[in-house]
Every structure is written in C-alpha cells, then in structure tokens.
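Descriptive analysis of the structure
So you can see what is in the structure, the chains are spelled out below.
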Amino acid sequence: MSSLVIDKLECQRGYSQLFTNLCFQVNAQEVVRITGTNGSGKTSLLKILAGINTQEQGCVTFDQNVVKSDAYQQEVFYLGHQAALSAELSSLENLEFLSALNQPVAREVLIQALEDIGLKGYADEPCANLSAGQKRRVILASLFISKAKVWLLDEPFTALDPKGIKIVESRIAQHCANGGLCLFTTHQDSALPNQRMIAL
C-alpha cells in the first residue's frame, strides 16, 4: 500500500520555530486535515511536502522516494490557496496553462473538467469576467485531470459556495477511494468522511 512518511520534520521561518520532530504517516485512501492556529505552519508543511520549500531537519518520502526526487514529484499535486489566473485568458486557456506545467491534456478533457467543477458554458469566458468563486473553480478543475496519487490542498474551499464545496469534497473522496491520498487545510467546516486530524 502506498504511503507518505514524514519523519522527524523540523521547520523554522525567520526566528520562529514552527514545528519540530513532526512524525506521521498517511496511507493510500486516507484523508488528513492539517489543523492549527494562524502562523502554526500549515502552509509551510504542505509546501515542504510538495517539494517547494526545504525543511531544516527530517525526511519526507512517498513509497520510499525522497521529496524533490523525480519519482516523488511525479506523484504529487499541490494546490496553493493563492494560485493566480491570467485575467486576459479564458477559463479554458488558463486551465490549459496550468495542466501544461505537468503534461499536456486534451482540450475535450479540460472542457469536461470545467463542466465537472460547475463551469459548463464558461470555457471561453475571460477570467476577468468571472466571480471570485468561479475563478477558484477554474483552478480546482485541475483536480479532475490530476493523475498524481498525493494531493496537497491548501484552503481548497476558499471563495466557494456550499454547492462548490460539495463538488470538491466529492472529488477528494473519489480520489482517495481510488487509492490516492489527500492532505488539506481549511478554515471552514468540512463534511469529508473519515478524515483524520493532525494538529500543528
């Protein structure tokens, strides 16, 4: 069974020690919610697990592949809470750009992803004309095309209405039921079943 292993992880930002000797394991089919007060290191932790930031001490592996190795990074999908879109590009063009960062995806697959997230008919709409919630959905459409096993989602429900939150929760649950795993942060209530809490 696939597993993400965090062993004796230590993170410092400036003069602040965010966490030290952090150890836990996340197995396939698990959903883990990272909790903690503002500034406790939730985003920093996800960025370390995504290979964006570097820890002071400790080790992160997925199926024994070390973070930042090619084999590790191929299995990781990270969604930050401040992911940006180009206002001049359409919803589809923005999603094409986002997906091309990993590998190109067929146009019809991207259009279906936009429909699945609740943006049917918005493929050619410039993002400048979208609401905050609709812009967030464009980014979250990436969840419907990602083939990575490890999902790291920082505040995925930001700017979404209850219907949008249910769509994303359903997609996360489906991903984990199919053998993936997910770690996420949120300041909102989440109805995801069987989620495990890890506090920083």
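Residues numbered from 1 in each chain as written. Predicted model: local features only at pLDDT ≥ 70, side-chain atom pairs only at ≥ 80, totals over all residues. Heavy atoms only, no water.

This next bit is on the overall build of the protein. When you go through the protein residue by residue, the secondary structure sums to six helices and nine strands. Radius of gyration (C-alpha) of the protein: 17 Å, near the 16 Å computed for a compact globule of 200 residues. With the C-alpha coordinates aligned to their principal axes, the bounding extent of the protein is approximately 50 × 30 × 30 Å. Across the 200 residues of the protein, 46% fall into the buried class. Pairs at least 24 residues apart make up 67% of the contacts formed inside the protein by residues separated by at least 6 positions. Put simply, the protein shows about 10,000 Å² of open surface, and 48% of that area lies on carbon and sulfur atoms. The distance from the centre of the 17 positive side-chain charges to the centre of the 20 negative ones in the protein is 4 Å. (Helix = DSSP H or I, 4+ residues; strand = E, 2+ residues; numbered from the N terminus. Rg over C-alpha atoms; globule rule 2.2 N^0.38 Å. Buried < 20%, exposed > 50% of the residue type's maximum accessible area, 1.4 Å probe, protein only. Contact = heavy atoms within 4.5 Å. Areas by Shrake-Rupley, 256 points an atom, 1.4 Å probe, with all protein chains shown as cover. Lys, Arg positive; Asp, Glu negative; His and termini not counted. Charge placed at Lys NZ, Arg CZ, Asp CG, Glu CD.)

Take the domain arrangement of the protein next. Domain boundaries assigned for the protein yield domain 1 (1–75 + 150–200) and domain 2 (82–147). The straight-line distance from the C-alpha centre of domain 1 to that of domain 2 is 23 Å. Taken residue by residue, the interface counts 14 residues in domain 1 and eleven residues in domain 2. Here domain 1 packs against domain 2, burying approximately 1,000 Å² in sum over the two surfaces, 63% of which is carbon and sulfur. Applying the counting rule to domain 1 against domain 2 returns one salt bridge. In this structure, the salt-bridge partner of aspartate 161 is arginine 137, at a minimum N-O distance of 3.0 Å. Our count for the contact surface shared by domain 1 and domain 2 stands at four residue pairs in polar contact (both at pLDDT 80 or more). When residues of the side of domain 1 that touches domain 2 are traced back to their parent elements, those giving at least two are strand E7 (150–154) and helix H6 (162–177). If one sorts the elements of the side of domain 1 that touches domain 2 by residue count, H6 sits on top with five residues. Class assignment of the residues belonging to the side of domain 1 that touches domain 2 gives a composition of seven nonpolar, two polar and five charged. (Domains from an automatic or database assignment. Buried area = accessible area lost by both parts, 1.4 Å probe. Salt bridge = Lys/Arg side-chain N within 4 Å of Asp/Glu carboxyl O. Polar contact = N/O pair within 3.5 Å; in protein donor to acceptor, adjacent residues only side chain to side chain. Nonpolar A, V, L, I, M, F, W, Y, C, P; charged D, E, K, R; others polar.)

Most of helix H5 (residues 132–140) is tucked away, with seven of its nine residues classed as buried. For H5, the complete set of buried residues consists of Gly133, Gln134, Arg136, Arg137, Val138, Ile139 and Leu140. Those residues of H5 that are buried lie in contact with strand E6 (76–79), helix H3 (91–100), helix H4 (107–116), E7 and H6.

Positive phi, normally seen in glycine, also occurs at glutamine 64, with a value near 70 degrees. When you line up the elements, glutamine 64 lands in the loop between strand E4 (57–62) and strand E5 (65–66). By relative accessible area, which is 75% here, glutamine 64 ends up exposed.

Looking now at the sheet that holds strand E1 (residues 3–13). The pairing of strands in a sheet happens through backbone hydrogen bonds and is either parallel or antiparallel. An order of E2-E1-E4-E5 is seen for the four strands of this open sheet, with the pairing classed as antiparallel. Edge positions in the sheet fall to strand E2 (16–27) and E5, since each of these pairs with one other strand and no more. Two strands pair when backbone bridges link them, and E1 and E2 are joined in this way by eight bridges, in the antiparallel orientation. Considered in E2, the bridge of glutamine 12 is made with glutamine 17. Contacts from helix H1 (residues 42–49) reach E1, E2 and E4 within the one sheet, and its direction differs from that of E1 by about 125 degrees. (Pairing = 2+ DSSP bridges. Axes fitted to C-alpha atoms, helices over the stretch in contact; angles between N-to-C directions.)

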